[in-house]
Amino acid sequence: MSLSNRLRRLRSTSESKEGPRATAEQSRMEHAAYAAIRGLQAGFVATIIMTAFRLPILRSLPPSANFYSQYVSGGDPEDHPVAGLLLHFVYGIQAGALFGGLFALQDAERSIEPEQRGIVWGSIYGMALSAFGSQVMLKEVLDIRLDADELALFHAGHLIYGLSLGAWIGSRTEGVEDPEEDYEYDNGN
(Lines give C-alpha, C1' and ligand atoms only; values in the text may rest on other atoms or scores of the structure.)
Protein backbone atom coordinates (compact mmCIF):
# COMPACT_ATOMS: atom_id res chain seq x y z
CA MET A 1 0.00 0.00 0.00
CA SER A 2 1.41 3.39 -0.96
CA LEU A 3 1.99 6.17 1.54
CA SER A 4 -0.82 8.30 0.10
CA ASN A 5 -3.26 5.38 0.43
CA ARG A 6 -2.18 4.83 4.02
CA LEU A 7 -2.67 8.52 4.84
CA ARG A 8 -6.08 8.49 3.15
CA ARG A 9 -7.03 5.46 5.20
CA LEU A 10 -5.86 7.17 8.39
CA ARG A 11 -7.90 10.27 7.55
CA SER A 12 -11.02 8.39 6.51
CA THR A 13 -13.97 9.20 8.75
CA SER A 14 -16.21 6.41 7.45
CA GLU A 15 -14.34 3.68 9.35
CA SER A 16 -13.80 3.68 13.08
CA LYS A 17 -10.24 4.25 14.25
CA GLU A 18 -11.03 3.46 17.87
CA GLY A 19 -11.73 0.34 19.82
CA PRO A 20 -10.68 -3.29 19.65
CA ARG A 21 -12.23 -4.00 16.22
CA ALA A 22 -10.41 -1.10 14.54
CA THR A 23 -7.14 -2.08 16.22
CA ALA A 24 -7.44 -5.62 14.87
CA GLU A 25 -8.05 -4.34 11.31
CA GLN A 26 -5.04 -1.99 11.21
CA SER A 27 -1.45 -2.95 10.59
CA ARG A 28 0.86 -2.41 13.54
CA MET A 29 2.39 0.69 11.97
CA GLU A 30 -1.02 2.15 11.04
CA HIS A 31 -2.16 1.62 14.59
CA ALA A 32 1.02 3.27 15.94
CA ALA A 33 0.58 6.25 13.60
CA TYR A 34 -3.04 6.66 14.63
CA ALA A 35 -2.11 6.31 18.31
CA ALA A 36 0.61 8.95 17.88
CA ILE A 37 -2.02 11.34 16.51
CA ARG A 38 -4.21 10.54 19.52
CA GLY A 39 -1.07 11.10 21.61
CA LEU A 40 -0.91 14.69 20.34
CA GLN A 41 -4.39 15.24 21.76
CA ALA A 42 -3.54 13.37 24.95
CA GLY A 43 -0.32 15.35 25.37
CA PHE A 44 -2.24 18.60 25.11
CA VAL A 45 -4.85 17.51 27.66
CA ALA A 46 -2.25 16.03 30.03
CA THR A 47 -0.14 19.21 29.82
CA ILE A 48 -3.17 21.32 30.73
CA ILE A 49 -3.84 19.06 33.72
CA MET A 50 -0.20 19.09 34.84
CA THR A 51 0.01 22.88 34.45
CA ALA A 52 -3.24 23.37 36.37
CA PHE A 53 -1.71 21.29 39.17
CA ARG A 54 1.70 22.96 39.30
CA LEU A 55 1.03 26.67 38.68
CA PRO A 56 -1.06 27.40 41.80
CA ILE A 57 1.21 25.34 44.04
CA LEU A 58 4.64 26.41 42.82
CA ARG A 59 3.52 29.87 41.71
CA SER A 60 6.21 29.92 39.06
CA LEU A 61 6.54 29.32 35.36
CA PRO A 62 7.59 25.90 34.10
CA PRO A 63 11.36 25.47 33.62
CA SER A 64 10.80 25.90 29.89
CA ALA A 65 10.71 29.66 30.57
CA ASN A 66 14.24 29.33 31.96
CA PHE A 67 15.27 27.40 28.85
CA TYR A 68 13.77 30.07 26.60
CA SER A 69 15.43 32.95 28.44
CA GLN A 70 18.81 31.20 28.66
CA TYR A 71 19.09 29.86 25.11
CA VAL A 72 16.83 32.04 22.97
CA SER A 73 16.13 35.54 24.23
CA GLY A 74 18.17 36.35 27.32
CA GLY A 75 16.80 38.16 30.34
CA ASP A 76 14.78 36.76 33.21
CA PRO A 77 12.39 33.83 32.78
CA GLU A 78 9.60 36.01 34.22
CA ASP A 79 10.01 38.26 31.17
CA HIS A 80 8.81 35.42 28.91
CA PRO A 81 5.68 33.84 30.44
CA VAL A 82 3.91 33.20 27.13
CA ALA A 83 6.98 31.76 25.41
CA GLY A 84 7.71 29.60 28.45
CA LEU A 85 4.16 28.21 28.53
CA LEU A 86 4.10 27.65 24.76
CA LEU A 87 7.40 25.76 24.94
CA HIS A 88 6.01 23.78 27.90
CA PHE A 89 3.02 22.77 25.75
CA VAL A 90 5.25 21.87 22.80
CA TYR A 91 7.24 19.54 25.07
CA GLY A 92 4.09 18.00 26.52
CA ILE A 93 2.35 17.53 23.19
CA GLN A 94 5.34 15.93 21.46
CA ALA A 95 5.94 13.67 24.48
CA GLY A 96 2.29 12.63 24.21
CA ALA A 97 2.68 11.73 20.53
CA LEU A 98 5.76 9.65 21.34
CA PHE A 99 3.92 7.86 24.14
CA GLY A 100 0.92 7.18 21.90
CA GLY A 101 3.08 5.50 19.28
CA LEU A 102 5.06 3.52 21.85
CA PHE A 103 1.90 2.43 23.64
CA ALA A 104 0.43 1.10 20.39
CA LEU A 105 3.61 -0.85 19.60
CA GLN A 106 3.77 -2.39 23.07
CA ASP A 107 1.80 -5.61 23.01
CA ALA A 108 2.65 -7.23 26.33
CA GLU A 109 -0.10 -7.79 28.86
CA ARG A 110 -2.96 -7.58 26.35
CA SER A 111 -5.14 -9.37 28.90
CA ILE A 112 -5.19 -6.18 30.98
CA GLU A 113 -7.73 -3.56 29.92
CA PRO A 114 -6.23 -0.79 27.74
CA GLU A 115 -7.23 1.93 30.21
CA GLN A 116 -5.42 0.10 33.03
CA ARG A 117 -2.34 -0.48 30.88
CA GLY A 118 -2.43 3.17 29.89
CA ILE A 119 -2.47 4.29 33.51
CA VAL A 120 0.38 1.96 34.48
CA TRP A 121 2.60 2.73 31.48
CA GLY A 122 1.65 6.41 31.55
CA SER A 123 2.78 6.62 35.20
CA ILE A 124 6.08 5.00 34.33
CA TYR A 125 6.50 7.27 31.30
CA GLY A 126 5.67 10.38 33.34
CA MET A 127 8.25 9.45 35.97
CA ALA A 128 10.85 8.71 33.28
CA LEU A 129 10.22 12.16 31.81
CA SER A 130 10.51 13.61 35.30
CA ALA A 131 13.83 11.85 35.94
CA PHE A 132 15.16 13.08 32.59
CA GLY A 133 13.86 16.57 33.29
CA SER A 134 15.34 16.83 36.77
CA GLN A 135 18.68 15.13 36.09
CA VAL A 136 19.47 16.30 32.57
CA MET A 137 17.41 19.37 31.72
CA LEU A 138 17.36 21.10 35.11
CA LYS A 139 20.77 20.14 36.50
CA GLU A 140 22.91 19.83 33.39
CA VAL A 141 21.32 22.06 30.76
CA LEU A 142 19.81 24.83 32.90
CA ASP A 143 22.01 24.53 36.03
CA ILE A 144 18.94 24.62 38.30
CA ARG A 145 18.95 22.84 41.67
CA LEU A 146 15.48 22.41 43.15
CA ASP A 147 14.82 22.23 46.88
CA ALA A 148 13.47 18.91 48.13
CA ASP A 149 9.86 20.15 48.26
CA GLU A 150 10.10 21.74 44.80
CA LEU A 151 11.58 18.52 43.42
CA ALA A 152 8.77 16.47 44.97
CA LEU A 153 6.19 18.74 43.30
CA PHE A 154 8.13 18.57 40.01
CA HIS A 155 7.89 14.76 40.14
CA ALA A 156 4.23 14.88 41.25
CA GLY A 157 3.37 17.10 38.28
CA HIS A 158 4.97 14.64 35.89
CA LEU A 159 3.20 11.72 37.55
CA ILE A 160 -0.10 13.55 37.04
CA TYR A 161 0.91 14.17 33.42
CA GLY A 162 1.66 10.46 32.93
CA LEU A 163 -1.57 9.31 34.57
CA SER A 164 -3.63 11.69 32.44
CA LEU A 165 -1.75 10.81 29.27
CA GLY A 166 -2.02 7.06 29.82
CA ALA A 167 -5.71 7.16 30.70
CA TRP A 168 -6.48 9.21 27.59
CA ILE A 169 -4.43 7.00 25.25
CA GLY A 170 -5.68 3.74 26.75
CA SER A 171 -9.31 4.74 26.53
CA ARG A 172 -9.12 6.09 23.00
CA THR A 173 -6.72 3.92 21.03
CA GLU A 174 -7.67 0.39 22.07
CA GLY A 175 -10.45 0.71 24.58
CA VAL A 176 -14.16 0.82 23.93
CA GLU A 177 -15.71 1.01 20.45
CA ASP A 178 -17.74 4.14 21.25
CA PRO A 179 -16.58 6.11 24.32
CA GLU A 180 -19.72 8.29 24.25
CA GLU A 181 -21.98 5.25 24.54
CA ASP A 182 -19.86 2.85 26.60
CA TYR A 183 -18.86 5.44 29.20
CA GLU A 184 -22.45 6.73 29.25
CA TYR A 185 -21.50 10.39 28.98
CA ASP A 186 -25.05 11.34 28.04
CA ASN A 187 -26.51 9.69 31.15
CA GLY A 188 -25.02 12.13 33.62
CA ASN A 189 -21.76 10.26 34.30
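Residues numbered from 1 in each chain as written. Predicted model: local features only at pLDDT ≥ 70, side-chain atom pairs only at ≥ 80, totals over all residues. Heavy atoms only, no water.

**A word on the pattern of salt bridges**
Next, step 1: For the structure shown, the criterion picks out one salt bridge.
Next, step 2: Residue Asp 143 pairs with Arg 145 through a salt bridge whose shortest N-O separation is 3.5 Å. In terms of burial, Asp 143 and Arg 145 fall into one category: exposed. (Salt bridge = Lys/Arg side-chain N within 4 Å of Asp/Glu carboxyl O. Buried < 20%, exposed > 50% of the residue type's maximum accessible area, 1.4 Å probe, protein only.)

**Brief notes about the side chain of Thr 51**
Next, step 1: Within the fold, Thr 51 resides in helix H3 (residues 28-58).
Next, step 2: According to the relative accessible area criterion, Thr 51 is buried, its value standing at 7%.
Next, step 3: Not counting chain neighbours up to four residues away, the residues in contact with Thr 51 comprise Pro 56, Leu 85, His 88 and Phe 89. (Helix = DSSP H or I, 4+ residues; strand = E, 2+ residues; numbered from the N terminus. Contact = heavy atoms within 4.5 Å.)

**A short note on the nonpolar core**
Next, step 1: Ala 42, Ala 46, Met 50, Ala 95, Phe 99, Phe 103, Tyr 125, Tyr 161, Leu 165 and Ile 169 form the largest nonpolar core, which has 10 residues in total.
Next, step 2: Residue assignment for this core shows that the elements contributing at least two residues are H3, helix H5 (81-105) and helix H7 (148-173).
Next, step 3: Phe 99 has contacts with Gly 118, Trp 121, Gly 122, Tyr 125, Leu 165, Gly 166 and Ile 169, leaving out every residue within four places of it along the chain. (Core = buried A, V, L, I, M, F, W, Y, C linked by side-chain atoms within 4.5 Å.)

**Section: a nonpolar patch on the surface**
Next, step 1: Taken together, the side chains of Ile 119, Met 127, Leu 159 and Leu 163 make up a nonpolar region of the molecular surface, amounting to roughly 280 Å² of accessible area.
Next, step 2: Those elements that place two or more of their residues in the nonpolar patch are helix H6 (114-141) and H7.
Next, step 3: Within the secondary structure layout, Leu 159 lies in helix H7. (Patch = residues over 30% accessible without salt bridge, like charges linked within 9 Å, V, L, I, M, F, W, Y side chains within 5 Å. Areas by Shrake-Rupley, 256 points an atom, 1.4 Å probe, with all protein chains shown as cover.)

**Quick look at the packing of aromatic side chains**
Next, step 1: What the rule picks out here adds up to four aromatic pairs.
Next, step 2: The interplanar angle of 45° and the centroid separation of 5.7 Å between the aromatic rings of Phe 44 and Phe 89 together place this pair among those described as tilted. Placement of the pair is Phe 44 in helix H3 and Phe 89 in helix H5, with a sequence separation of 45 residues.
Next, step 3: When the centroid spacing of 5.0 Å and the interplanar angle of 40° are considered together, the rings of Phe 99 and Tyr 125 count as tilted. Of this pair, Phe 99 sits in helix H5 while Tyr 125 sits in helix H6, and the two are 26 residues apart along the sequence. (Phe/Tyr/Trp six-rings, centres within 6.5 Å; stacked < 30°, edge-to-face > 60°.)

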